[in-house]
Amino acid sequence: MPDLLLELFSEEIPARMQAKAADDLRRMVTDKLVAEGLVYEGAKAFATPRRLALTVHGIPARQPDLKTERRGPKVGAPDAAVQGFLKATGLKSLDEAKIQRDPKGDFYIGLIEKPGRDAIDVLAEILPVIIRTFPWPKSMRWGARSGKPGSLNWVRPLHAITATFGPETEEPDVVKFEVDGIESGQTTYGHRFLAPAPISVRRFEDYEAKLLAAKVVLDPERRKDAILTDAKQLAFAQGFELVEDQNLLDEVAGLVEWPVVLMGSFEPEFLKTPDEVIRATIRNNQKCFVVRDPKTGKLASKFILVANIEATDGGKTIIAGNERVIRARLSDAKFFYETDLKTKLEGRLPKFDQIVFHEKLGTQAERIKRIERLAAEIAPLVGADVAKATRAAHLAKADLLTEVVGEFPEVQGLMGKYYALAQGEDASVAGACEEHYKPQGPADRVPTDPVSVVVALADKIDTLVGFWAIDEKPTGSKDPYALRRAALGVIRLIAENALRLSLIKVAGSALAGLSVKPADASKLPSDLLAFFADRLKVQLREQGARHDLVDAVFALGGQDDLLMIVRRVEALGKFLDSDDGKNLLAGTKRASNILSIEEKKDKRSFDGAPDAALYSLAEEKALAKAIGEVKAEASAAVAKEDFAAAMSAMAKLRPPVDAFFDKVRVNDDDPKVRENRLKLLNEIRSATRAVADFSKIQD
């Protein structure tokens, strides 16, 4: 079957837009093909700085013929209705229609046959529409045609369109169409400097090979592999190792069509600046990689750049140009760092009085005071030194006002640690200045130093309580203050450090420190706890646990110790994986279902202890005895926080519950016996609530 080759050749496409643009092109074209009845075998899109390309193979040469039935008027309908039906269906007379019997009468049915079109004609129709409606995040108009209505908007000036279609065994045809004066053809261009001459192409294999010969590596993954391999080898040859950076690699691969890896250097005196500042300077300003000495683990005074040309001088001029810029940038960074060191962190804090954190939550200075107070309260619960935790909370935000962080926001926190160590602060205090932002995502490291944990918790809980108090909660689609991330951070800090905290008490303490109070302050901690429950479900689901088990534990009420909740969920999950757990769950659900039906029927509940004198069957007596024993044993185990033992106790209910449902008829003819047996079922439900609300668990 025929294949499609499409290329949109333009001026340089921003690297950050290329991957999505390639995916959008593939999606838009293939969706349109399928909608037109042209089901393809496979498709792949590519992007370089100057082109988007797409190959779709296995496209049918022609659309299938379409046959549809159209229902017409009733037999005997007025002539006007009949004539309208004949015109709409293209039938010459009612003799060509068939009659379909229906409860409402007999109706005429017309068969409409629509012959399929050649695929190349369909492509010529859909491709211009796709090009004109392409979803660039930013686009422009250019040239003499830009002032005309309906002129093309594209990310950068579009110069050429290549579009060919045909089977492998034949010469492909050009898909003929025109967009804003640009006619499709089969001519593309190679590297801007190394091979700028026009190239005639036919199909994808021919296209890719000719581009490679013209110094253009079409596949971005191939460019990334070449850059990474060459950079590693070049660093190794000089006795260094590459500091890998996937985001930078993605960006650089989008800046070059023919990657040439080179190494430059800078003065060793700049290495007195922290490694992270050097790396940020070189990365952000020149899109270059840094290398380190494998013996010391410290950065070396070298960098690796990726050029887009094979220079006749071996790249000396390119290296020298990059060295000049990097030298100037590192000089600035060194100056910022040395200037920052002249002012102690606490000396910067008064400026926070003029910086508003949020118009309803006060200044940054007020927020720092709240975090300090909350840290002092949390510290004893975590086993951290109160004085160190308070000091760390006092200094943690100060580096936001430094020159280096102003230039490179990504090193906030980290620079706070360097400046704190430079002024002689305790190592735990300095570490907390860096780590109090962590964890910032599911892959981020969780602090373990008690002082860092305290300040991280205080910072995140103050944020959550503050925005809850002013009713700025996340919505389904928006979370501008990253409150979901903050809640997950609290959960990970507590769970991975095995901390025992009452979230309701801590949230209440944070609320007490706010100058603004919500209309119903008493509901805020429990409302926030429900939000934590939702986030915990997400966290456990990502770890492979069942979210309904979280509901089952939270449904017991009063559950605000996240560590115990997690442990209870883990124990419940293991129990329900066993045969005893599965069967007990089935029995408990059966009891709950019967109770629900009978309570609704009688419009009452069946609380209260059953009357032992009304037990007439051995299975009733055995179940009542087992419930009493299990209740006591499970409650005692839960009190000791031994949830595995509580589940083992629950397992003892399985045989008597199974026997009860096998031998006992709950809805006995005697109303008193029936009521007593329903109360016994309620006792099953009550007993299992010692560990979880089984009604919340999915089968």
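For the structure, check the block above.
Residues numbered from 1 in each chain as written. Predicted model: local features only at pLDDT ≥ 70, side-chain atom pairs only at ≥ 80, totals over all residues. Heavy atoms only, no water.

Student: A description of empty space enclosed by the protein should follow, citing residues and the corresponding values.
Tutor: All chains considered together, the criterion is met by one cavity of 30 Å³ or more. Contributing to the lining of the largest cavity are Val243, Asp245, Leu248, Arg279, Cys288, Phe289 and Val290. By residue class, the composition of the lining of the largest cavity is five nonpolar, no polar and two charged. (1 Å grid on protein atoms, 1.4 Å probe; cavity = no way out; pocket = protein on both sides within 12 Å on 5 of 7 lines; lining within 4 Å. Points joined across faces, edges and corners; volume = space filled by probe spheres on them. Nonpolar A, V, L, I, M, F, W, Y, C, P; charged D, E, K, R; others polar.)

Student: Give me the nonpolar core: which residues, what numbers.
Tutor: Ranked by size, the top nonpolar core spans 123 residues in total, and within it Leu457 and Leu572 carry the most contacts. Take this core: its biggest share by element is 13 residues, from helix H15 (residues 450–469). Beyond its immediate chain neighbours, meaning those up to four positions away, Leu572 contacts Leu549, Ala552, Val553, Met647, Ala692, Phe694 and Ile697. Of all hydrophobic cores here, the second largest spans 38 residues; its members include Leu8, Leu52, Val56 and Ile120. (Core = buried A, V, L, I, M, F, W, Y, C linked by side-chain atoms within 4.5 Å. Buried < 20%, exposed > 50% of the residue type's maximum accessible area, 1.4 Å probe, protein only. Helix = DSSP H or I, 4+ residues; strand = E, 2+ residues; numbered from the N terminus. Contact = heavy atoms within 4.5 Å.)

Student: Before we move on, could you go through the packing of helix H8 (residues 316–341) against helix H13 (residues 414–422) and cite the residues and values that matter?
Tutor: H13 packs onto H8 with a crossing angle of 50° between their chain directions and a minimal axis gap of 10 Å. Viewed along their axes, H8 and H13 adopt a mutual orientation that is oblique. Relative to H13, the crossing made by H8 is right-handed. Taking contact as the criterion, the partners of Tyr337, Asp340 and Leu341 in H8 are, on H13, Met415, Tyr419 and Ala422. The residue makeup of the contact of H8 with H13, split by class, is five nonpolar, no polar and one charged. (Axes fitted to C-alpha atoms, helices over the stretch in contact; angles between N-to-C directions. Parallel < 35°, antiparallel > 145°, perpendicular 65-115°, else oblique. Left-handed = near helix turned anticlockwise from the far one by under 90°.)

Student: How would you sum up the sheet that holds strand E16 (residues 299–307)? Please name residues and give values.
Tutor: If you walk across this open sheet you meet the four strands as E13-E15-E16-E14, and the pairing is antiparallel. This sheet does not close on itself; its edge strands, each paired only once, are strand E13 (241–242) and strand E14 (260–265). Pairing analysis gives three bridges linking strand E15 (residues 289–292) to E16, with the strands arranged antiparallel. The residue of E16 that forms the bridge with Arg292 is Leu299. (Pairing = 2+ DSSP bridges.)

Read these as layout, nothing more, since geometry by itself doesn't imply function.
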